[in-house]
Amino acid sequence: MISVKNLFKSFNGFQAVNDLSFDILPGDVVGFLGPNGAGKSTTMKMLTGFLLPTSGDIHISNLSLEQSALEIKKKIGYLPEGAPAYGDMTPLQFLNFIAQIRGYKGAEKTERIEKVVKQVELQEVLDKPIDNLSKGFKRRVGLAQALIHDPEILILDEPTDGLDPNQKHQVRELIKNVSKDKIVIISTHILEEITAVCNRVMIISKGKLLFDDTPEALNRRSKYYGAVTLHFSYRADASELGELEGVATMEEDFATGRVTLFPKPGAEILHLVTAHAQRCKLPVDSLFVEQGRLDQVFREITQEVSA
């Protein structure tokens, strides 16, 4: 497990990380979420031993990072932001280099490389210079070097930043496949990343931990959670929808043709809205129950600390 207690990090008087404390257990796939400059990357670098904290304690597998840094680093796979690598090397040369640094030789080194190449599907680009690869393949190379020693803990900093939708999907599938028997921490500012791969969310802003729970719990904090949204194919009078029993308020967006109805506490309004739309023959294209809007909750949580 990972245990962080009262972690601080400052740079020339700037407080990048401010009294962070949390525990992460095996099976956790943690989305470390926050705006740019929140302290995410700084925290990741301290967890990997790349940066030393100003104060505070980090224990991994019951070992102190301060006293047993080298032993802990053997248990961690780290993909830094941007997936840096030697661009003039090919993926095969780079993975050979990383495997040697990790202490593998001979048949074991070959076996490790073959396994990770298959795992992240690098076969078609093994002999091409890394500089010539797409961003998606560069991320895969970075993920491969993080996985080559089969670490207990995988720390990924912005693993899909700058990728196109297809590349994001591929990298997320890779993460899900390797996360079954590891602790995985994904630092990101991309909200969709959370629902795609994580079972736990930690939100940090200005170096402070503001939220720590499941993606479902985060959705439940949204004012839209449980609301009913309708989309009209053309402009229609929706005023009576706001007067239905159980409806507290109504939000109408004339630009998009959407109407959102917010239920009173504990009220179920879907059946009432559906019946009214059918009875009055409203031009409804779609109708659904909102699962919450992460962007709205994220703004509320992070703006609170800014205020």
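Preceding this section is the structure that the text describes.
Residues numbered from 1 in each chain as written. Predicted model: local features only at pLDDT ≥ 70, side-chain atom pairs only at ≥ 80, totals over all residues. Heavy atoms only, no water.

Here the focus is the pairing of strand E7 (residues 153-157). Regular strands place their side chains on alternate faces of the sheet. When you tally the buried positions in E7, you get 5 out of 5 residues, the bulk of the element. Where burial is concerned, the two faces of E7 agree: the one with Ile-153, Ile-155 and Asp-157 and the one with Leu-154 and Leu-156 are both buried. As defined by bridge partners, strand E6 (residues 76-79) adjoins E7 across 4 bridges and the pair is classed as parallel. Paired with Gly-77 across the strands is Leu-154, a residue of E7. Strand direction decides the pairing type here: E7 and strand E8 (residues 183-188), joined by 5 bridges, are parallel. Residue pairing across strands places Asp-157 opposite Ser-187, the latter belonging to E8. In this region the chain leaves E7, passes through helix H6 (residues 165-178) and returns to the parallel neighbour E8; the handedness of that crossover is right-handed. (Buried < 20%, exposed > 50% of the residue type's maximum accessible area, 1.4 Å probe, protein only. Helix = DSSP H or I, 4+ residues; strand = E, 2+ residues; numbered from the N terminus. Pairing = 2+ DSSP bridges. Right-handed = clockwise from strand over helix to strand, strands pointing away.)

With 46 residues, the main nonpolar core has Leu-95, Leu-122, Leu-154, Leu-156, Ile-186, Ile-203 and Leu-218 as its most contacted residues. If one sorts the elements of this core by residue count, helix H5 (residues 135-147) sits on top with 6 residues. Apart from the residues within four sequence positions on either side, Leu-154 is in contact with Gly-77, Leu-143, Ala-146, Leu-147, Val-178, Ile-183, Val-184 and Ile-185. Counting 25 residues, the second largest nonpolar core, distinct from the first, contains Ile-2, Val-4, Leu-20 and Ile-204. (Core = buried A, V, L, I, M, F, W, Y, C linked by side-chain atoms within 4.5 Å. Contact = heavy atoms within 4.5 Å.)

All right, on to the packing of H5 against H6 then. Where H5 contacts H6, the axes come no closer than 9 Å and their chain directions differ by 15°. What the angle tells us is that H5 and H6 run roughly parallel. In this structure, H5 meets H6 at a crossing whose hand is right-handed. Touching Lys-135, Gly-136, Arg-139, Arg-140, Leu-143 and Leu-147 of H5 are Gln-167, Gln-170, Val-171, Leu-174 and Val-178, all from H6. Residues belonging to the contact of H5 with H6 are distributed by class as follows: 5 nonpolar, 3 polar and 3 charged. (Axes fitted to C-alpha atoms, helices over the stretch in contact; angles between N-to-C directions. Parallel < 35°, antiparallel > 145°, perpendicular 65-115°, else oblique. Left-handed = near helix turned anticlockwise from the far one by under 90°. Nonpolar A, V, L, I, M, F, W, Y, C, P; charged D, E, K, R; others polar.)

A cluster of acidic side chains, namely Asp-237, Glu-240, Glu-243, Glu-252 and Asp-253, defines a negative patch on the protein surface. Turning to its location among the elements, Glu-252 is positioned in strand E12 (residues 247-253). (Patch = residues over 30% accessible without salt bridge, like charges linked within 9 Å, V, L, I, M, F, W, Y side chains within 5 Å. Areas by Shrake-Rupley, 256 points an atom, 1.4 Å probe, with all protein chains shown as cover. Salt bridge = Lys/Arg side-chain N within 4 Å of Asp/Glu carboxyl O. Lys, Arg positive; Asp, Glu negative; His and termini not counted. Charge placed at Lys NZ, Arg CZ, Asp CG, Glu CD.)

This paragraph deals with the side chain of Gln-296. As for its placement among the helices and strands, Gln-296 is situated in helix H10 (residues 294-306). Ignoring any residue separated from it by four or fewer positions in sequence, one finds Gln-296 in contact with Ser-222, Lys-223 and Tyr-224.

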